[in-house]
Every structure is written in C-alpha cells, then in structure tokens.
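# Secondary and tertiary structure notes
Okay, here's what each chain looks like letter by letter:
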Amino acid sequence: MFHLILGVIFFGAVYLLLVETLFKKSSCKGRREMSGKTVIITGGNTGIGKATAMELARRGARVILACRNQQKAEAAISDIKMATGSTDVVYMQLDLSSLKSVRSFTETFLKTESRLDVLINNAGLVADGRTEDGFGIEFGVNHLGHFLLTSLLLDRLKESPEARVITLSSMAHRWGKIDFDSLVVNKDLGTGRYSWQFFLAYCNSKLCNVLFTHELAKRLKGTNVSCYSVHPGIVKTELSRHVSLWQKIFIEPVAWLLFLDPTTGAQTTLHCALQEGIEPLSGRYFSCCAVQDVNSRAKDDAVAKKLWEVSERLCGLS
Ligand SMILES: NC(=O)c1ccc[n+]([C@@H]2O[C@H](COP(=O)([O-])OP(=O)(O)OC[C@H]3O[C@@H](n4cnc5c(N)ncnc54)[C@H](OP(=O)(O)O)[C@@H]3O)[C@@H](O)[C@H]2O)c1
Ligand SMILES: *[C@@H]1O[C@H](CO)[C@@H](O)[C@H](O)[C@H]1NC(C)=O
C-alpha cells in the first residue's frame, strides 16, 4: 500500500513537471487587426497550420492555404468556412519539394493577389527521401523551399505597412548542426538510412529555420517587415506519420497523455502574427507565446550568413 501511494505521488509529480515544462500550454493575447489583410500559410491543410488558418480566418483575414494536395486543402477549407463563417479562404497549389513549384506558386500569387501581410512558413515533415531537385527531403522542404518562397515574396511583403514572416522551427533545432561540406557533397544536411538519422536531419533543418530567421531580420532592417521563428510545443498532429510502427507504439500513449492539441499548438504562431509591438524582437525565437533565448549555434552570425548565401546558390538566385 505504501509503495502504491509512493508510486502515485512519483508519477503525479513527473506528470506535473512535464505539464509545466515540455508540454506547457499558452494562449495568444494578440489583437492586431486582420480584416483586409492577406495571409499565406504553407501546409495549412492539417495539424498546426490548419488550426492557425482557422483562427486567422475567424479574425477576418484573407487566408491562402499553400498546399500540395488540392483535395486535402479543399476539405480543410470547407471545415474552416463552416466553423468560422469566413468566405475568404482559398487554395493555391504549392509543393515545397519542387523549386519549380515554388516559382510557379509565387508567379501566380504575385499576378493575382495585390497584397501580402503575413507569410507563415509552416509546412514540414520528418521523412526519408529526396526532393525533385535531389535535395534531402527535410532540408529541401523544411528549409530550402521556404527560403526560395520567402525570397520571391519579399518585395510584396515590403509593400505592406507592417508585414511579418513566421517560420515554424522546433525545440529539436537544439540538436541540429550545419555541416556545409556534407551539404555540398550530398545536397543534404545529414546522411544515413536509419530512422534516428532522419530525426537528426530533421533537427538540422529546424536549426536552418532559426538561422534563416536570424539572418532575414538583419536583411530586413529599415523595412517594415519583421520575422520570427517558432517552437509550437509538442503537438498531436500528422507529423509522425512516417515513423515506424515500433516508434508509434512508444509515442502514442505519451501523445495521448501529454501532447498539445493543434489549437493549443497554434498559439505561438498566432502570437507572432497578432501581438502588437513585438517588432523590436524581429529575428528571435518564440515558444509558449514568449521570446526565448537560443544557444550560441542558433544565433551564429557567420553560419547564418553562409547558410543564406549557400541557399541562394542552391536555389539559383545567385
Ligand atoms: N507536431 C509537433 O509536435 C511539432 C513540434 C515542433 C515543430 N513542429 C513544426 O510544426 C510545423 C507543422 O507541423 P505539424 O505538426 O502540423 O505536422 P503535420 O500535421 O504533418 O502537417 C504538416 C503540413 O506540411 C505539409 N507538407 C509536407 N510536405 C509538403 C510539401 N512538400 N509541400 C507542401 N506542403 C507540405 C503537409 O501537407 P500534406 O498533408 O499534403 O502532407 C501538412 O499540411 C512543421 O514545420 C513542424 O516541423 C511540430
Ligand atoms: C514604414 O511604416 C511607416 C509608418 O507606417 C512609414 O512612415 C514608412 O515610410 C515605412 N517605411 C518603409 C521603408 O516602407
């Protein structure tokens, strides 16, 4: 009996600790006016992106879901319209694993839409494989596709009175590293066929997201565009769809007990989109609706600059 009580107290304490740290919830208090504004959300058809789209549509923004699968996107759009009463949510085809698709997306967007106020680089995956252009899929989709997308939309963002670029990173960026030699040789950050190696490649791509935002903020000095990177929390979504059955068996019970739901997982992205007065924090990393410090590797000026220049070359921008 005594052991049982001790056990309950122990697991209760661990649970409370986790709920206050790794799995902490937060809620966006921002009130920036969204009606009349246009937002692009990549991968807005499910998970955190869909929950973000839902709230921005509710607040009256014109929301463009930039997705690779029309059917899934149209299904999400009808859910969003139904739940919010918005009539201003549209689909535009974008496959971030193809630089050609990124270019044709931006071409269409710039031709048909007159303004862009918030760009949310949300799409991401943990998987094995290569992009159409031969890059490692995680580097290619999570970083490079968004790098090109943002670059090609920058002039339009600068025309908005107070535009923002929000890029979904992850706390997993802490385990990432940028090996430029490997990038040149393998067109990827990380190699190997084991699932922990895909996870490391994911961490590397998420470090790219933080460094990209760090460098972008410098390049945006003197404009009215600000930018932020985000850890959304650990959220129950489709992100783990490619992990092995064994890992799923391990993850599922923890997910059920502790993971945030997508609406809660969207709060920090929403904070960066909607909170007034955070422009002086441009370039910084947010989690739980607050700015957070990152380790020195995630704000290394030289590495961030080099990643930018290498990315430009890989996209054919320079
Ligand atoms: N869930 C978490 O615990 C967690 C933690 C830290 C960071 N994040 C980050 O949060 C972001 C959103 O993830 P999530 O958890 O909401 O995952 P999710 O449910 O798997 O959603 C990911 C979205 O990205 C889209 N996508 C994937 N590859 C794409 C491509 N080549 N072109 C266009 N869109 C593509 C997916 O589209 P399809 O449906 O067509 O595949 C989907 O809409 C990601 O950047 C992820 O790294 C998540
Ligand atoms: C930024 O916004 C302010 C106030 O709206 C405006 O006066 C200024 O011209 C803008 N700057 C640029 C570079 O567009």
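Keep in mind that this is a model prediction, so the values were computed, not measured.

### Regarding the sheet that holds strand E2 (residues 62-67)
Two pairing modes exist for strands in a sheet, parallel and antiparallel, and in both the strands are linked by backbone hydrogen bonds. Reading across from one edge, E3-E2-E1-E4-E5-E6-E7-E8 is the order of the 8 strands in this open sheet, with mixed pairing throughout. Each having just a single partner strand, strand E3 (89-93) and strand E8 (290-292) make up the two edges of the open sheet. The sheet shows a mean angle of 25° between the axes of neighbouring strands, taken without regard to direction. Strand direction decides the pairing type here: strand E6 (residues 226-231) and strand E7 (residues 285-287), joined by 3 bridges, are parallel. Bridge pairing in E7 places Ser229 opposite Tyr285. Along the sheet, helix H4 (residues 99-112) makes contact with strand E1 (38-42), E2 and E3, crossing E3 at roughly 140°.

### Points about the site of ligand 1
Contacts to ligand 1 come from 30 residues, most closely from Asn45, Arg68, Tyr202, Val235 and Thr237. One of the side-chain N or O atoms of Lys72 is found 3.0 Å from an oxygen atom in ligand 1. Contacts to ligand 1 include Leu96, whose backbone N or O atom sits 2.9 Å from a nitrogen atom. Summarising the interface, the protein chains cover 97% of the accessible area of ligand 1, which totals 900 Å² for the free molecule. Looking at the shell around ligand 1, the elements that each hand over two or more residues are helix H2 (47-58) and helix H7 (195-219). For the shell around ligand 1, the residue count by class is 12 nonpolar, 12 polar and 6 charged.

### Points about the pairing of E1
Extensive coverage of E1 is indicated by the burial of 5 of its 5 residues. On E1, burial covers both faces: Thr38, Ile40 and Thr42 on one face and Val39 and Ile41 on the other are all buried. By the bridge criterion, 5 bridges tie E1 to E2 in an arrangement that is parallel. Bridge pairing in E2 links Thr38 to Arg62. In the classification by handedness, the crossover that spans E1, the intervening H2 and the parallel E2 is right-handed. By the bridge criterion, 3 bridges tie E1 to strand E4 (residues 118-121) in an arrangement that is parallel.

Calculation criteria
Residues numbered from 1 in each chain as written. Chains lettered and ligands numbered in written order. Predicted model: local features only at pLDDT ≥ 70, side-chain atom pairs only at ≥ 80, totals over all residues. Heavy atoms only, no water. Pairing = 2+ DSSP bridges. Helix = DSSP H or I, 4+ residues; strand = E, 2+ residues; numbered from the N terminus. Axes fitted to C-alpha atoms, helices over the stretch in contact; angles between N-to-C directions. Contact = heavy atoms within 4.5 Å. Near = heavy atom within 4 Å. Polar contact = N/O pair within 3.5 Å; in protein donor to acceptor, adjacent residues only side chain to side chain. Areas by Shrake-Rupley, 256 points an atom, 1.4 Å probe, with all protein chains shown as cover. Nonpolar A, V, L, I, M, F, W, Y, C, P; charged D, E, K, R; others polar. Buried < 20%, exposed > 50% of the residue type's maximum accessible area, 1.4 Å probe, protein only. Right-handed = clockwise from strand over helix to strand, strands pointing away.

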